[in-house]
Amino acid sequence: MSKRTTRILSFLLTATIALSMTACGSATNENPASASASDASAATSASTAATPEATPTPEASKEPVTLTIFGGETEKTFPVGIQNDPVALEIQKKLGITLDVVDQSTTPEKAKILVASGDLPDLMELNRVSLETLITNQQIIEMDSLLQTNGPDIMKNAPLAVAYSRKHLSMGNEKVFYIPGQVDPSGKIINLVAPYIRWDYYAELGYPPVKSYDDLLGVVDQMLKLHPTNEAGQKNFGFSMWFDWDTFAFGMLPGYQSGIQPMDPGLGYDQINKVMFDWVNDDSAFMWKGVHFWNKAYRMGLLDLDALTQKYDQAIQKGGQNRILCMITQWQQGNTNNDLEKAGFPGRGIEPLPPFEGTDGYIGGWKNMIGNPDRAWAISANCKTPDRAMDLINYMFSVEGCLTMYNGVKDDSWKDENGTYALTDKFLDLRKNDTNFVLTTGARKYNTWPGLNSTFQLPNGQTIELLQDKAIEVSAYTKVDKDYCAYYGVDTKSEVVTKFAKRPFVDEYISKFTTATPPDDINTAKEKLRAHIIKELPKMVLAKTDEELSAMIASFREELKAMDLEKTQQWYLDDFNKAAATEKEFLDSIK
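Participant: Help me out: how do you make sense of the nonpolar core in this one?
Facilitator: Burial of nonpolar side chains together is a common tendency in soluble globular proteins. Ranked by size, the top nonpolar core spans 66 residues in total, and within it Phe 239, Trp 279, Trp 288, Trp 294, Leu 537 and Phe 556 carry the most contacts. Among all residues touching Trp 294, those that are not within four sequence positions of it are Phe 239, Met 241, Phe 243, Ala 249, Phe 250, Leu 303, Ile 328 and Val 541. Within the second largest apolar cluster, 58 residues are counted, among which are Met 143, Met 155, Trp 377 and Leu 403.

Participant: Where do I start with the packing of aromatic side chains in this structure?
Facilitator: Centre distance and the angle of the planes are the two values used to describe a pair of aromatic rings. Counted according to the given criterion, the structure contains 37 aromatic pairs. Judged by centre distance (5.4 Å) and plane angle (85°), the rings of Phe 239 and Trp 294 are edge-to-face. One end of the pair, Phe 239, is in the loop between helix H11 (213–226) and helix H12 (248–256); the other, Trp 294, is in helix H13 (residues 286–299), and 55 residues separate them in sequence. Its relative accessible area of 1% is what places Phe 239 among the buried residues. Classification of Trp 294 as buried rests on a relative accessible area of 2%. Ring centres of Trp 414 and Tyr 421 lie 5.6 Å apart, and the angle between their planes is 85°; this geometry places the pair in the edge-to-face category.

Participant: Which parts of the structure should I look at to understand the packing of H12 against H13?
Facilitator: Running from N to C, H12 and H13 point in directions that differ by 115°, and their axes come no closer than 7 Å. Note on packing geometry: the crossing formed by H12 with H13 is right-handed. From H12, Ala 249, Phe 250, Gly 251, Pro 254 and Gly 255 reach across to H13, where they touch Phe 286, Met 287, Lys 289, Gly 290, Val 291 and Trp 294.

Participant: What is the right way to look at the sheet that holds strand E7 (residues 260–263) in this model?
Facilitator: As a general point, the strands of a sheet are linked pairwise by backbone hydrogen bonds and lie either parallel or antiparallel. Pairing is antiparallel across the open sheet formed by three strands, whose spatial order is E7-E8-E9. Edge strands, defined here as strands with exactly one partner in the open sheet, are E7 and strand E9 (275–278). Taking the axes of each pair of neighbouring strands and ignoring which way they run, one obtains an average angle of 30° across the sheet. Strands in contact with H13 are E7, strand E8 (267–270) and E9; relative to E7, the strand with the most contacts, it is inclined by about 85°. Those strands touched by helix H25 (residues 565–589) are E8 and E9, and its axis lies near 175° from that of E9.

Participant: Looking at this structure, how should I read unusual backbone geometry?
Facilitator: Only a minority of non-glycine residues have a phi that is not negative, and only a minority of peptide bonds are not trans. That bond from Asp 264 to Pro 265 is cis: its omega, -15°, falls within 30 degrees of zero. Checked against the element boundaries, Pro 265 lands in the loop between E7 and E8. Unusually for a residue other than glycine, Lys 274 sits at a positive phi of about 55°. Structurally, the position occupied by Lys 274 is in the loop between E8 and E9. On the basis of relative accessible area, Lys 274 is assigned to the partly exposed category, the value being 42%. Unlike most non-glycine residues, Asp 411 shows phi in positive territory, near 75°. For Asp 411, the position within the fold is in the loop between helix H17 (399–407) and strand E14 (414–417). What makes Asp 411 exposed here is its relative accessible area of 62%.

Participant: I would appreciate a short explanation of the pairing of strand E6 (residues 193–198) in the present structure.
Facilitator: Each regular strand carries side chains that alternate between the two faces of the sheet. Counting buried residues along E6, six of its six residues qualify, which places the element largely inside the surrounding structure. Note that E6 and strand E10 (residues 326–329) share three bridges and pair antiparallel. Within E10, the residue paired with Val 193 across the bridge is Thr 329.

Participant: How do you make sense of the pattern of salt bridges when you look at a structure like this?
Facilitator: For side chains bearing opposite charge, pairing can occur when the charged atoms are close. Within this structure, the stated rule accounts for 31 salt bridges. As a salt-bridge pair, Glu 465 and Arg 444 come within 2.6 Å of each other at their nearest N and O atoms. One end of the pair, Glu 465, is in the loop between helix H19 (437–441) and helix H20 (470–475); the other, Arg 444, is in the loop between H19 and H20, with 21 residues separating them in the sequence. With relative accessibility at 8%, the residue Glu 465 sits in the buried group. The closest approach of N and O atoms between Lys 584 and Asp 588, which form a salt bridge, is 2.9 Å. Of the two residues, Lys 584 and Asp 588 are both situated in helix H25; the distance of four residues between them amounts to about one turn of the helix. The class of Asp 588 is partly exposed, set by a relative accessible area of 34%.

Participant: Help me out: how do you make sense of the sheet that holds strand E3 (residues 97–104) in this one?
Facilitator: Spatial strand order, E2-E3-E1-E4-E13-E5: six strands in an open sheet with mixed pairing. Of all the strands in the sheet, the pair left with one neighbour each is strand E2 (81–82) and strand E5 (179–181). For strand E1 (residues 65–71) and strand E4 (residues 123–126), the ladder comprises two bridges, and the chain directions are parallel. If you follow Ile 69 over to E4, its bridge partner there is Leu 123.

Participant: I would appreciate a short explanation of the side chain of Ser 165 in the present structure.
Facilitator: When you line up the elements, Ser 165 lands in helix H9 (residues 159–168). Judged by its relative accessible area of 0%, Ser 165 is buried. With residues up to four places along the chain from it excluded, the contact list for Ser 165 reads Ser 170, Lys 175, Val 176, Phe 177, Tyr 178 and Pro 180.

Participant: What is the right way to read the environment of Pro 265 from this model?
Facilitator: We classify Pro 265 as buried; its relative accessible area is 0%. Sequence separation between Pro 265 and Gln 570 is 305 residues; the distance between their C-alpha atoms is 10.0 Å.

Participant: I keep staring at helix H23 (residues 520–541) and nothing clicks. Help me out?
Facilitator: Given 3.6 residues to a turn, an α-helix orients residues that are three or four positions apart in the same direction. With 22 residues, H23 ought to run about 32 Å at 1.5 Å a step, and its terminal C-alpha atoms sit 33 Å apart, in line with that. Within H23, the full set of buried residues consists of Ile 522, Ala 525, Lys 526, Leu 529, Arg 530, His 532, Ile 533, Glu 536, Leu 537, Pro 538, Met 540 and Val 541.

Participant: What am I meant to see in empty space enclosed by the protein here?
Facilitator: Over the atoms rolls a probe the size of a water molecule, and in doing so it shows where empty space is left. Considering all chains together, one arrives at two cavities of 30 Å³ or more under this definition. In this structure, the second largest cavity encloses a volume near 50 Å³. Of all the elements in the fold, those that place two or more residues in the lining of the second largest cavity are H12 and H13. Looking at the lining of the second largest cavity, its residues break down into eight nonpolar, one polar and one charged.

About the criteria used
- Residues numbered from 1 in each chain as written.
- Predicted model: local features only at pLDDT ≥ 70, side-chain atom pairs only at ≥ 80, totals over all residues.
- Heavy atoms only, no water.
- Core = buried A, V, L, I, M, F, W, Y, C linked by side-chain atoms within 4.5 Å.
- Buried < 20%, exposed > 50% of the residue type's maximum accessible area, 1.4 Å probe, protein only.
- Contact = heavy atoms within 4.5 Å.
- Phe/Tyr/Trp six-rings, centres within 6.5 Å; stacked < 30°, edge-to-face > 60°.
- Helix = DSSP H or I, 4+ residues; strand = E, 2+ residues; numbered from the N terminus.
- Axes fitted to C-alpha atoms, helices over the stretch in contact; angles between N-to-C directions.
- Left-handed = near helix turned anticlockwise from the far one by under 90°.
- Pairing = 2+ DSSP bridges.
- Salt bridge = Lys/Arg side-chain N within 4 Å of Asp/Glu carboxyl O.
- Expected span 1.5 Å × (residues − 1).
- 1 Å grid on protein atoms, 1.4 Å probe; cavity = no way out; pocket = protein on both sides within 12 Å on 5 of 7 lines; lining within 4 Å.
- Points joined across faces, edges and corners; volume = space filled by probe spheres on them.
- Nonpolar A, V, L, I, M, F, W, Y, C, P; charged D, E, K, R; others polar.

Have a look at this one:
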């Protein structure tokens, strides 16, 4: 996912915290490493050098330990505290490390609260918001020497992430404090954000063309009238979005459909033409398409009335209960297709419509040569066993570790057949028949933790998340998945994107080189603008007429103008131009 998406993730899970061996001392490491040239030298061979076995690290304090961990959002809600799923137990067996999860969030707000408390867990997956504070207050340690002794797989598989971190995430110290995750040098086209609709109901209507947002609303309206309840007798909704992720609800669908990424404050990044622009004052901009879309959905009675107040996890729950006829993200549907087939309804389920006719650029994913700085691992100065914390990070950057975290435990969930990896029948059966298979197997339970992205390509050509490997993906399809592919004449669902979009692409987003912490006056202005934007846009959804909506938009623009929108945007536009030059300089330096 993009920097914008990871910034706005904001679900808070169960608050039961079971701390074990919480450390309260400090730890520092000398820095024998220097410039990033040695890191970068391995870059061109990183993916091909990846091997299935994690590289052994030298013996240090190898006694069993419990590490407290502040991790990112997870595939499925689970209680915090000591983890005992198969993957956690495999890590315990392999490394002698017990996982004690204290929270699951990388939102800026949650990170700020954590940092301000001073009670930091041993290991943290963080974004860049708190970077300056953590380094200045010496709350996290530099990891250069630990990388040399305990991080061989990091250095082998993610050398550019290390080089980038030392240069751009160290507040000028030229040391490694953060290790960006989700590394993937090549990327893969996937249909991540699209209108995901009840495919069997769409077929029932005769597959009417959907060439615009109005067409989509018309189709969903017909489906809801024909199917007001789901198979369990629960009330269906045309749409049940969540609006607590800043502008996500408004900007992502029209943005992805046109190759545009929402950015603060009131800006959009055109990834085709590589330019930043103001959407606030452009009536045709992607964000306003989203506002008009949700307003029309509301006025047509298609939008769940709880949508404007419900939180992310409530919307996800409704999707997983098969109560939403159209969703805009792949992950909201949960395991619906398998659940319906298991319940005796083969051929029913959710599938993504292709990009609208005439779609030019379409964001189908990202390639992360240098990792994602908003999914980065840091070791707290409170950690009494930093070498063991690095052992865990190294495991998460190893092919073996990532195969395990994405797919479950070897020989139980997947197996090695002479260099080709295959999911076991047991795993595939659980995936189809066990609604809690993520927790049962541990596969993808910790989905943001692995250092290598799920689309990372192994030397044998397979993706590291085996369900994304073409042959395995197709073998796991339900009947509705097969019906969908047959209708569009493709082998896999993601191929629908490449068939219909003129320029589908994966993007190495430039926001990694923008200034993480702007000057105080600019940051204050930006936060005020951001708060006003995310407060006012949802109100527009409830406009009763076009005239009322137009008046609300006009007032909104005047209000932002009075809040120094133009001056603040200009700073970010200038910063973007600097970032583009910095990115080019960095990439040129590692060639």
